[in-house]
Every structure is written in C-alpha cells, then in structure tokens.
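Residue-level structure breakdown
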Amino acid sequence: MDRAAVATRLATPEDAPVLAQLLWDFNAEYDESTPSIATLERRLQALLAGDGFWAILAGVPAVGFATLAMRDSPYYEGRVAYLEDLYVVQDMRGTGIGSAIMALLITESERRGAGLVEIGVDEPDVDAMRFYVRHGFVHRDPETGDRAFHIYRELA
C-alpha cells in the first residue's frame, strides 16, 4: 500500500469510540497502563470537541492514528503542536500509513498556525526515532550537537 492509497482524515468527536479502541490497543501492545476504553472514549470526545487537541485517523476501517495537543509558547509566533501518540497496527506497519499520517500532521499543524511540532520518543524505540528523523525531526541541537530530551513528572 502506498501513501497515496491511504485515506487520512481529521477525527471528530464522533470518532471517539474508534480512536479510544486504537489508543487502548497501542498501550496494550507495549504493556503500558491505560484507562479503560470507556474512559478514553469519554475523554477523547470532550477533547476533540475543543480547539486544544486534535487527532488523525488513517484507513477505512481505521488502522492508524495520531493525537496532538496544542500549547502556547513565547518562542514561536504560532502555537506548539505536541504529538502525543502515533500508532499503526502491527500488521500494517511498513506500508506507508505512518508517512501518510505524518504528511497530514504537518499540513494540519501548519494550517493551525503551529510554529513547532514536538514529539517524545522513548530511548529504546529506535525504529520510531528513525521514522521521525526521516520526516525532518531532529534530536540534536544543529548548532551545538547537544542531544534533546523530553523529561516529565506525573502529578497526583
């Protein structure tokens, strides 16, 4: 399957059930804890109805997705789009679906006025890192060569 053959579109609040299932499947595949599908569906429906969060679905039926959260920053004229998750079901990887999602992700981020797209990648996920680098993302400061890190702290 080439990228031109993959249908990608922006998700709507009505897509929350499909997106919740895919998000749950993604976390289950990597043994990550995740809220129930019902909880994810409720949260996604509310988030997709606002303007600070958006998602992309790929395929009919959907076999991939991306979720993005928007935030303001004094460093960019536009907002910053943070790619929370990008997932393609295991047996469809390597078919161009991720690249199709990324193409719409960049186009839509620009349309929404984003000045930057950020991604958090786990260190052992070298395949994801290669994918993002192939799509123009960097993990080193071009001037200093310093590695970039995304660190976080969960709050109660």
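Okay, so let's go over this structure. (Residues numbered from 1 in each chain as written. Predicted model: local features only at pLDDT ≥ 70, side-chain atom pairs only at ≥ 80, totals over all residues. Heavy atoms only, no water.)

The way to describe two aromatic rings as a pair is by their centre distance and the angle between their planes. The tally for this structure, following the rule as stated, stands at six aromatic pairs. Seen in terms of ring centroids, Tyr-132 and Phe-137 are 6.1 Å apart; in terms of plane orientation they differ by 75 degrees. Their pairing is edge-to-face. Across this residue pair, the class does not change: Tyr-132 and Phe-137 are buried. (Phe/Tyr/Trp six-rings, centres within 6.5 Å; stacked < 30°, edge-to-face > 60°. Buried < 20%, exposed > 50% of the residue type's maximum accessible area, 1.4 Å probe, protein only.)

What follows concerns the pairing of strand β2 (residues 53-58). Within β2, six of the six residues are buried, which leaves the element mostly enclosed by the surrounding structure. Strand direction decides the pairing type here: β2 and strand β3 (residues 64-71), joined by six bridges, are antiparallel. Paired with Trp-54 across the two strands is Leu-68, which belongs to β3. Taking the residues that link successive antiparallel strands as the turn, the β2-β3 hairpin has five residues, and the phi of Gly-59 there is positive, at about 90 degrees. (Helix = DSSP H or I, 4+ residues; strand = E, 2+ residues; numbered from the N terminus. Pairing = 2+ DSSP bridges.)

Our focus in this paragraph is the side chain of Asn-27. Mapped onto the secondary structure, Asn-27 falls in helix α1 (residues 16-29). Those residues in contact with Asn-27 that lie beyond four places of it in its chain are Glu-32 and Thr-34. (Contact = heavy atoms within 4.5 Å.)

Right, let's get into the pattern of salt bridges. Following the criterion strictly, the structure yields eight salt bridges and no others. Among the salt bridges present, the one from Arg-9 reaches Asp-15, with a minimum N-O distance of 2.7 Å. You can call Arg-9 partly exposed: its relative accessible area is 41%. Since its relative accessible area comes to 10%, Asp-15 is described here as buried. In this structure, Arg-79 engages Asp-72 in a salt bridge whose closest nitrogen and oxygen atoms are separated by 3.1 Å. When its relative accessible area of 60% is taken as the criterion, Asp-72 is described as exposed. Here the salt bridges do not stand alone but share partners, grouping Glu-108, Arg-111 and Arg-112 into one network. (Salt bridge = Lys/Arg side-chain N within 4 Å of Asp/Glu carboxyl O.)

The next thing to look at is the packing of helix α3 (residues 97-111) against helix α4 (residues 126-134). For the pair α3 and α4, interaxial distance at closest approach is 11 Å and the crossing angle is 45 degrees. Comparing their axes, α4 and α3 come out oblique. Taken as a pair, α3 and α4 cross one another with a handedness that is right-handed. Judged by residue contacts, Gly-98, Ser-99 and Met-102 of α3 engage Phe-131, Tyr-132 and Arg-134 from α4. Split into classes, the residues belonging to the contact of α3 with α4 amount to three nonpolar, two polar and one charged. (Axes fitted to C-alpha atoms, helices over the stretch in contact; angles between N-to-C directions. Parallel < 35°, antiparallel > 145°, perpendicular 65-115°, else oblique. Left-handed = near helix turned anticlockwise from the far one by under 90°. Nonpolar A, V, L, I, M, F, W, Y, C, P; charged D, E, K, R; others polar.)

The next point concerns the sheet that holds β3. As summarised here, the arrangement of the five strands in space is β1-β2-β3-β4-β5, forming an open sheet in which the pairing is mixed. Among the strands making up the open sheet, the edge pair consists of β1 (8-10) and β5 (116-119). Within this sheet the neighbouring strands show an average axis-to-axis angle of 25 degrees, counted without direction. Sheet analysis places β3 next to strand β4 (residues 80-88), joined by eight bridges and oriented antiparallel. Paired with Gly-64 across the bridge in β4 is Val-88. Of the strands in this sheet, β1, β2, β3, β4 and β5 touch α3, which is tilted by about 165 degrees from β4.

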